[in-house]
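# Summary of the model geometry
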Amino acid sequence: MFSVNAIGPPQIARAIEADDGGWYAWEFTEFYPEGLALEVSPMTNPVLHRSLLYLLGTDGRLALHNDSRHNEGFRVLDKPNNFVFECDDYYLFDSDEGDLMALLMGHRGSPVHVVKLNEQIMEWEEVESLEGRALFTGTLTTTMVKTSVKWMQNKIFTPRLYDWPEMIEVDLIDRVGELAFVPVSTAVMQHGGVSGTGIWMCGLGPQEAREFWEAIKMDYSIWVDFSKFKLAQSCIRNVYTVSLYS
């Protein structure tokens, strides 16, 4: 289990599980005040890519941690140097094909860029198509999935809400000994009185990018790909409901 501090010089701590189910004490790496400064977007989680842990800087640089050399902590790579364009929100993720990628989004939604790391020359290359995939981002997790639903292909989905309600009416339901809060109405009133789910989508072209004026960012939410987990359908429905509306 790892804990990452990305404010100032990146630091990482590790805890190892014992045979009795407990945990050994945290092993902290040292701070390195010189040469390791990396400004990390607050919306970017560390990403495990090919057994190495990566952090993305807002300028496009990467910090890397190798668990086999835990005491060395993070080190900032010489390449890639930077992005060729500037945005306000940066999201790092590992694609479904094992590529290290990032999504860059303007504060109001536009422009939107998707880049992939060319690991042979260690440079970011812009991606013009998701090749039929859907990309879910805008929260503390970003995930890319294959989909057979045509209207979802080559689209980027991000949760942004207008007029977040002060109170949500819910029913308390007991399912197999677990309590879940289920909203009476699944609709959220958006700007202008339009009822919807609060999920926005856009394409990669500037003509398709949406502007999220007066929108509320879902900083505390995460996307979950249930296809990676073996859960019963009733459990999936339970977790999905709680994660959206609790």
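Quantities reported herein were computed from a predicted structural model and do not represent experimental measurements.

## Topic: the packing of aromatic side chains
Within a pair of aromatic rings, the relevant descriptors are the distance that separates the centres and the angle that separates the planes. Following the criterion strictly, the structure yields 5 aromatic pairs and no others. An angle of 75° between the planes, with centres 6.0 Å apart, marks the rings of Trp151 and Phe157 as edge-to-face. On the basis of relative accessible area, Trp151 is assigned to the exposed category, the value being 53%. An aromatic cluster of three or more residues is present, and its members are Phe136, Trp151, Phe157 and Trp223.

## Describing a nonpolar patch on the surface
Together, Ile168, Val170, Leu172, Leu179 and Phe181 give the surface a local cluster of nonpolar side chains, amounting to about 440 Å² of exposed area. Put simply, the parts of the chain that give the nonpolar patch at least two residues each are β15 (170-175) and β16 (178-183). Structurally, the position occupied by Phe181 is in strand β16. Phe181 sits in the partly exposed class, given a relative accessible area of 42%.

## Remarks on the sheet that holds strand β8 (residues 89-94)
Within a sheet, each strand pairs with its neighbour through backbone hydrogen bonds, oriented either parallel or antiparallel. Pairing is antiparallel across the open sheet formed by 4 strands, whose spatial order is β8-β9-β10-β11. The sheet is open, and its two borders are formed by β8 and β11 (123-127), each paired with just one other strand. With direction set aside, neighbouring strand axes in the sheet form an average angle of 30°. One ladder, built from 5 bridges, connects strand β9 (residues 100-105) with strand β10 (residues 112-118); its direction is antiparallel. Pairing of Leu104 across the sheet is with His113, part of β10.

## Here we look at the pairing of strand β13 (residues 143-146)
Alignment of strand β12 (residues 133-136) against β13, held across 4 bridges, turns out to be antiparallel. Within β13, the position partnered with Ala134 by the bridge is Val145. Counted between consecutive antiparallel strands, the loop separating β12 from β13 contains 6 residues, among which Gly138 sits at a positive phi close to 90°.

## Details of the environment of Asp20
Following the sequence through the fold, Asp20 ends up in the loop between β2 (11-14) and β3 (27-28). Relative accessible area serves as the criterion here: at 68%, Asp20 is assigned to the exposed category. In terms of polar contacts, Asp20 uses its side chain to reach the backbone amide nitrogen of Gly22, at 3.0 Å.

## Some details on the confidence of the model for the protein
Predicted confidence across the protein gives a mean pLDDT of 77, with 80% of residues reaching 70 or more. In this model, residues 187-196 is a region of pLDDT below 50 whose contacts with residues beyond four sequence positions or in other chains number 20 contacts. With pLDDT under 50 throughout, residues 230-246 is counted as low confidence; its partners more than four residues away or in other chains account for 18 contacts.

## Regarding the pairing of β10
For a regular strand, the rule is simple: side chains alternate between the two faces of the sheet. The element β10 is largely enclosed, with a buried count of 6 among its 7 residues. By the bridge criterion, 5 bridges tie β10 to β11 in an arrangement that is antiparallel. In the strand pairing of β11, Leu117 is matched with Trp124. Hairpin connection of β10 to β11: 4 residues between the antiparallel strands, including Met122 at a positive phi of 55°.

## Re the side chain of His70
The topology assignment puts His70 in the loop between β6 (62-66) and β7 (75-76). A relative accessible area of 3% places His70 in the buried class. In this structure His70 touches Phe2, Ile12, Ala13, Arg14, Glu27, Thr29 and His65, once residues within four positions along its chain are discounted.

## Some words on the sheet that holds β2
If you walk across this open sheet you meet the 3 strands as β1-β2-β3, and the pairing is antiparallel. Bordering the open sheet on either side are β1 (2-5) and β3, each of which pairs with just one other strand. By the bridge criterion, 4 bridges tie β1 to β2 in an arrangement that is antiparallel. Bridged to Ser3 within β2 is Ala13.

What counts, and at which threshold
Residues numbered from 1 in each chain as written. Predicted model: local features only at pLDDT ≥ 70, side-chain atom pairs only at ≥ 80, totals over all residues. Heavy atoms only, no water. Phe/Tyr/Trp six-rings, centres within 6.5 Å; stacked < 30°, edge-to-face > 60°. Buried < 20%, exposed > 50% of the residue type's maximum accessible area, 1.4 Å probe, protein only. Patch = residues over 30% accessible without salt bridge, like charges linked within 9 Å, V, L, I, M, F, W, Y side chains within 5 Å. Areas by Shrake-Rupley, 256 points an atom, 1.4 Å probe, with all protein chains shown as cover. Salt bridge = Lys/Arg side-chain N within 4 Å of Asp/Glu carboxyl O. Helix = DSSP H or I, 4+ residues; strand = E, 2+ residues; numbered from the N terminus. Pairing = 2+ DSSP bridges. Axes fitted to C-alpha atoms, helices over the stretch in contact; angles between N-to-C directions. Polar contact = N/O pair within 3.5 Å; in protein donor to acceptor, adjacent residues only side chain to side chain. pLDDT = per-residue confidence, 0-100. Contact = heavy atoms within 4.5 Å.

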